[in-house]
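Structural overview
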Amino acid sequence: MKRRTFISIAGGSILAAGGIGYLISDKNNFVRSDLKISSNDKLLLTDEQEILLLASMAPSGHNTQPWFVRRIAPFHWIICNDRSKWLPAVDPSQRETMLSIGAFIQNITYAASYYGYCCEWKTLARGNQDEQIEEVVLSKLDDIPRFDISKIKKRRTVRSNFQSDQLKEDDLQSLTNGEEAYFHYFPRGTSAFAWLNEKTVAANQKQIYRDAAEKELANWIRFTGKDAAQHGDGLTPASMEMTGLTAWIVRNFYNKSSVMGKNFRKQGLDAVKTQVSQSAGWLLITSKDQTVASLLETGKRLQRLLLKIREKGIAIHPMTQILEEAPFSLKINKAMNITTPIQLVLRCGYVNEYPDPVSIRKPVNSFVRI
Ligand SMILES: Cc1cc2nc3c(=O)[nH]c(=O)nc-3n(C[C@H](O)[C@H](O)[C@H](O)COP(=O)(O)O)c2cc1C
């Protein structure tokens, strides 16, 4: 929907709502700092709670948070795959679920080091659908390099206002350091960049007008503050970077059926076109193969990358639709001249202002099973 159309609807909505209506409406975006995160779960030791809270700050597709933790004993856990969080319409093989769980696992290792624990990991899963993914035992060590957990707390996905300036050579080097074989960067001006821009818009168009995918998205949108507080997961107007009047309208007048309507779909595609028009380049992450171990390693690699970018003023926006929609998914390797599996398509660029995280999370006790 064009901004002007939106504003005229908003004007009408405000008049219809009237002054009192506005006062009792959902007036503010619900954001992470509104969450009441309690750290008094008696079933877990304090360090366990803190580490798992930090782990849960990991990114995940539609913010489903597709993990749970089975606690065998203090500091002895099995990281599990929560099938109720799968996204069958866009991720039918749970490939992205594994990437998200990999990011969660990386956060555990970093958060544990901050509290002085070393992690010993063992992969249990053989397929992306297995429930038990990895087993971990945390042991206290005296001399362990401590990760700066403010990086975990401050990481967020940024989607708007990317600059087109090239990424500095030094920055790129330090982001991919030691893992160059898995990163492929295509700056603005190259033919691969143009291909990724064009096909990202086309793949989004295909996905937005595919009812199963749009319905799945609708199920993960938390329109109101009340919804967001109740669920602690999914996409909120704030996490979709809606602010002001637009966000107010969405919070108060939109619901799942609006997402299936013409306006919401068009507005979504317009947003994608604007996003794609702004960037320094595309970064692709590949894996050795498609095994569970490789997918988890790729999710960890993604998280290591994401935890380095804020301090450099770089924003990274995963845009995975090319990998989710045929025929684009079948053509990308040839177009990029890459032979190994491409697991992530990331739009990158410097931003002037780095906003605080707003996406919500579930409380730790809701994803730990004793
Ligand atoms: C595997 C994976 C795929 C994702 N794909 C997309 C995507 O296609 N478009 C998008 O806007 N965000 C995408 N994201 C970002 C998530 O929406 C985001 O991590 C989640 O909403 C939580 O927000 P946060 O990263 O700000 O904490 C993806 C994240 C992951 C881990």
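What this report covers is the structure whose coordinates are included nearby. Here the structure is a predicted model, which is why all the values come from computation and not from measurement.

Reading guide: rules and limits
Residues numbered from 1 in each chain as written. Predicted model: local features only at pLDDT ≥ 70, side-chain atom pairs only at ≥ 80, totals over all residues. Near = placed C-beta within 6 Å. Helix = DSSP H or I, 4+ residues; strand = E, 2+ residues; numbered from the N terminus. Nonpolar A, V, L, I, M, F, W, Y, C, P; charged D, E, K, R; others polar. Domains from an automatic or database assignment. Axes fitted to C-alpha atoms, helices over the stretch in contact; angles between N-to-C directions. Parallel < 35°, antiparallel > 145°, perpendicular 65-115°, else oblique. Left-handed = near helix turned anticlockwise from the far one by under 90°. Contact = placed C-beta atoms within 7 Å. Pairing = 2+ DSSP bridges. Expected span 1.5 Å × (residues − 1). Buried ≥ 20, exposed ≤ 12 C-beta atoms within 10 Å, placed from the backbone. Arc of directions from axis to C-beta.

**With respect to the site of the ligand**
What surrounds the ligand is a group of 21 residues, the closest being Pro59, Asn63, Arg156, Thr157 and Ser359. Residue contributions to the shell around the ligand peak at 4 residues, all from helix α3 (residues 95-114). A breakdown of the residues in the shell around the ligand according to their chemical character gives 7 nonpolar, 11 polar and 3 charged. A domain split of the shell around the ligand shows at least three residues from each of domain 2 (33-155 + 358-369) and domain 3 (169-350).

**Digging into the packing of α3 against helix α12 (residues 292-309)**
Relative placement of two packed helices is described by the angle separating their axes and the distance separating the axes. At a closest axis distance of 7 Å, the pairing of α3 and α12 adopts a crossing angle of 55°. Compared by their axis directions, α3 and α12 come out oblique. Crossing of α3 against α12: the hand is right-handed. Mapping the contact onto sequence places Arg95, Met98, Leu99, Ser100, Ile101, Gly102, Ala103, Ile105, Gln106 and Asn107 in α3 and Val292, Leu295, Leu296, Glu297, Thr298, Gly299, Lys300, Leu302, Gln303 and Arg304 in α12. Its residues assigned to classes, the contact of α3 with α12 shows 9 nonpolar, 7 polar and 4 charged.

**Overview of the sheet that holds strand β7 (residues 314-318)**
Strands in a sheet are paired, the pairing made by backbone hydrogen bonds, and the direction either parallel or antiparallel. In spatial order, the strands read β5-β6-β8-β7; together these 4 strands make up an open sheet with antiparallel pairing. What marks the edges here is a single partner per strand, and that holds for β5 (183-187) and β7. Between one strand axis and the next, the sheet turns through 25° on average, direction left out of account. In the sheet, β7 pairs with strand β8 (residues 342-350) via 5 bridges, with the strands oriented antiparallel. Following the sheet pairing, Ile316 is matched in β8 by Cys348. Against the sheet, helix α6 (residues 191-208) contacts β5, β6 (281-286) and β8, and its axis sits at roughly 90° relative to β5.

**Topic: α6**
Because an α-helix packs 3.6 residues into every turn, residues spaced three or four apart end up facing the same way. Taking 1.5 Å of rise per residue, the 18 residues of α6 would be expected to cover 26 Å, and the 26 Å separating its terminal C-alpha atoms lies within 8% of that figure. Looking at α6, one finds that the buried residues are Leu196, Lys199, Thr200, Ala203, Asn204 and Gln207. Buried residues in α6, looked at end-on, bunch into an arc of 145°, giving them a common side. Those residues of α6 that are exposed and angled more than 90 degrees off the buried face are Ser191, Ala194 and Glu198.

Read these as spatial facts, not as claims about activity.
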